[in-house]
Amino acid sequence: MKTKTILTAAVLFLISYTLYLIPLSFAQPPNLPGAGNCLSFNGTSDYVNCGNSNSLNPSSEITVTAWINNPSAGGGIVGKHEWTSPSYAKGWFFATNGATLYFGIGNGSTDYDIVFVGSILSGVWYHITGVYSGGITKCYINGILITTNSSTAYAPYGAGDLFIGGCGGGGSNIGNGCGYFNGKIDEVSIWNRALSQTEIRDNMCQKLTGSEAGLVGYWRFDETSGTTAYDSSPNGNNGTLK
């Protein structure tokens, strides 16, 4: 039985709750409200493929959230993007490089921003959020606004799958550009609208119902067996554990 501890980089607050952890298979969750299970990724080959439905390609606004625990080198957390040239990429991704957290977003031709979100501590649970709307990218750690960038352009990458545990990069290159994730990931959600800071804070420490406005993908990782990570949104974007 593990304890999930949530900290900001400045140690602004902490919360604890209980869950079971097991690498890319599901353990029986405790009979308690709250967390349930998560997935543990080995950093070399583990990932979840959530497919490429139209619902996963928000066209003008997007919010991405997840819980992460990054004990070492990091890698791609979640992403749906491709490199269109050495300088540009289309779509988006979340990744870590050691203790540094990044959110990347671009339109594939004129602009691509890799936004430094902040530094994170090894072995600590964090809730991360990236939001794009109207030429503005905002990034949050534990519901606290860390970075605002006003020079970002975005276009969805509609030709490839969404990966959890890697950031994509075109075709089957799951870890391309940022590698496979080494650590634990939980409660990933994708939205086709920009969540407010209040919504982010309200949602981060509770289970979503799945019917929230704009929710296009929501993976709780609370299954107890098998190789399917079920999407709890109405869109059925179920992931396959690899």
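Calculation criteria
Residues numbered from 1 in each chain as written. Predicted model: local features only at pLDDT ≥ 70, side-chain atom pairs only at ≥ 80, totals over all residues. Heavy atoms only, no water. Helix = DSSP H or I, 4+ residues; strand = E, 2+ residues; numbered from the N terminus. Buried < 20%, exposed > 50% of the residue type's maximum accessible area, 1.4 Å probe, protein only. Contact = heavy atoms within 4.5 Å. Areas by Shrake-Rupley, 256 points an atom, 1.4 Å probe, with all protein chains shown as cover. Core = buried A, V, L, I, M, F, W, Y, C linked by side-chain atoms within 4.5 Å. Pairing = 2+ DSSP bridges. Phe/Tyr/Trp six-rings, centres within 6.5 Å; stacked < 30°, edge-to-face > 60°. Lys NZ or Arg CZ within 6 Å of the ring centre and 35° of its normal. pLDDT = per-residue confidence, 0-100. Salt bridge = Lys/Arg side-chain N within 4 Å of Asp/Glu carboxyl O.

Caption draft 1: Local environment of the overall build of the chain. The secondary structure content of the chain amounts to one helix and 17 strands. When each of the 242 residues of the chain is scored for burial, the buried share is 53%. For the chain, the share of sequence-separated contacts (at least 6 apart) that also reach a separation of at least 24 residues comes to 60%. Of the roughly 9,400 Å² of accessible surface on the chain, a fraction of 49% belongs to carbon and sulfur atoms.

Caption draft 2: Structural context of unusual backbone geometry. Within the chain, Asn142 stands out as a residue other than glycine whose phi angle is a positive 55°. Mapped onto the elements of the fold, Asn142 is located in the loop between β11 (136-141) and β12 (144-149). Phi at Phe221 is positive, roughly 60°, even though this residue is not glycine. Position of Phe221 among the secondary structure elements: in the loop between β15 (215-219) and β16 (228-229).

Caption draft 3: Local environment of the nonpolar core. The biggest cluster of nonpolar side chains holds 37 residues, and the ones touching the most others in it are Ile68, Trp92, Ile164 and Trp219. Dropping the residues within four chain positions of it, Ile68 is found in contact with Ile77, Thr96, Leu101, Ile120, Val124, Trp125, Tyr126, Ile128, Phe181, Lys184 and Ile185. Leu195, Ile200, Leu215 and Tyr218 belong to the second-largest nonpolar core, a separate cluster that totals eight residues.

Caption draft 4: The arrangement of the environment of Gly134 in detail. Position of Gly134 among the secondary structure elements: in the loop between β10 (125-133) and β11. Since its relative accessible area comes to 72%, Gly134 is described here as exposed. C-alpha separation for the pair Gly134 and Ser60, spaced 74 residues apart in sequence, amounts to 7.6 Å.

Caption draft 5: Highlighting the pairing of β10. When you tally the buried positions in β10, you get eight out of nine residues, the bulk of the element. Alignment of β10 against β11, held across six bridges, turns out to be antiparallel. Bridge pairing in β11 places Val131 opposite Lys138.

Caption draft 6: Region of interest: the pairing of β15. Burial runs high along β15: five of the five residues are buried. Strand direction decides the pairing type here: strand β14 (residues 182-191) and β15, joined by four bridges, are antiparallel. Bridging across to β15, Ser189 finds its partner in Tyr218.

Caption draft 7: The packing of aromatic side chains, seen in detail. Under the criterion given, the structure shown has five aromatic pairs. On the numbers, 6.3 Å between centres and 45° between planes, the contact of Tyr47 with Tyr180 is tilted. In this pair, Tyr47 sits in the loop between β3 (36-42) and β4 (48-49) while Tyr180 sits in the loop between β13 (163-164) and β14, placing the two residues 133 residues apart along the sequence. Relative accessible area serves as the criterion here: at 15%, Tyr47 is assigned to the buried category. Both rings, one in Phe94 and one in Phe103, keep their centres 4.7 Å apart while their planes meet at 45°; by these two values the pair is tilted. Like Phe94, the residue Phe103 is buried in the burial classification. An aromatic cluster is present here, built from Tyr47, Phe163 and Tyr180 joined pairwise through their rings. Over the face of the ring belonging to Tyr157 we find Lys80, whose NZ or CZ atom lies 5.7 Å from the ring centre.

Caption draft 8: Looking closely at the confidence of the model for the chain. On average, residues of the chain score 80 in pLDDT, and 79% of them are at 70 or above. Summarising per-element confidence for the chain, the mean pLDDT is lowest in strand β2 (residues 16-23) (32) and highest in β15 (98). Note that residues 25-34 has pLDDT below 50 and, in this model, 27 contacts with residues that lie over four places away or in other chains.

Caption draft 9: Spatial organisation of the pattern of salt bridges. Under the defined criterion, the tally for this structure stands at three salt bridges. Between Arg193 and Glu199 there is a salt bridge, with its nearest N and O atoms 2.9 Å apart. For Glu199, a relative accessible area of 25% puts it in the partly exposed group. Ionic pairing is found between Asp222 and Lys207, a salt bridge with its closest N-O pair at 2.5 Å.

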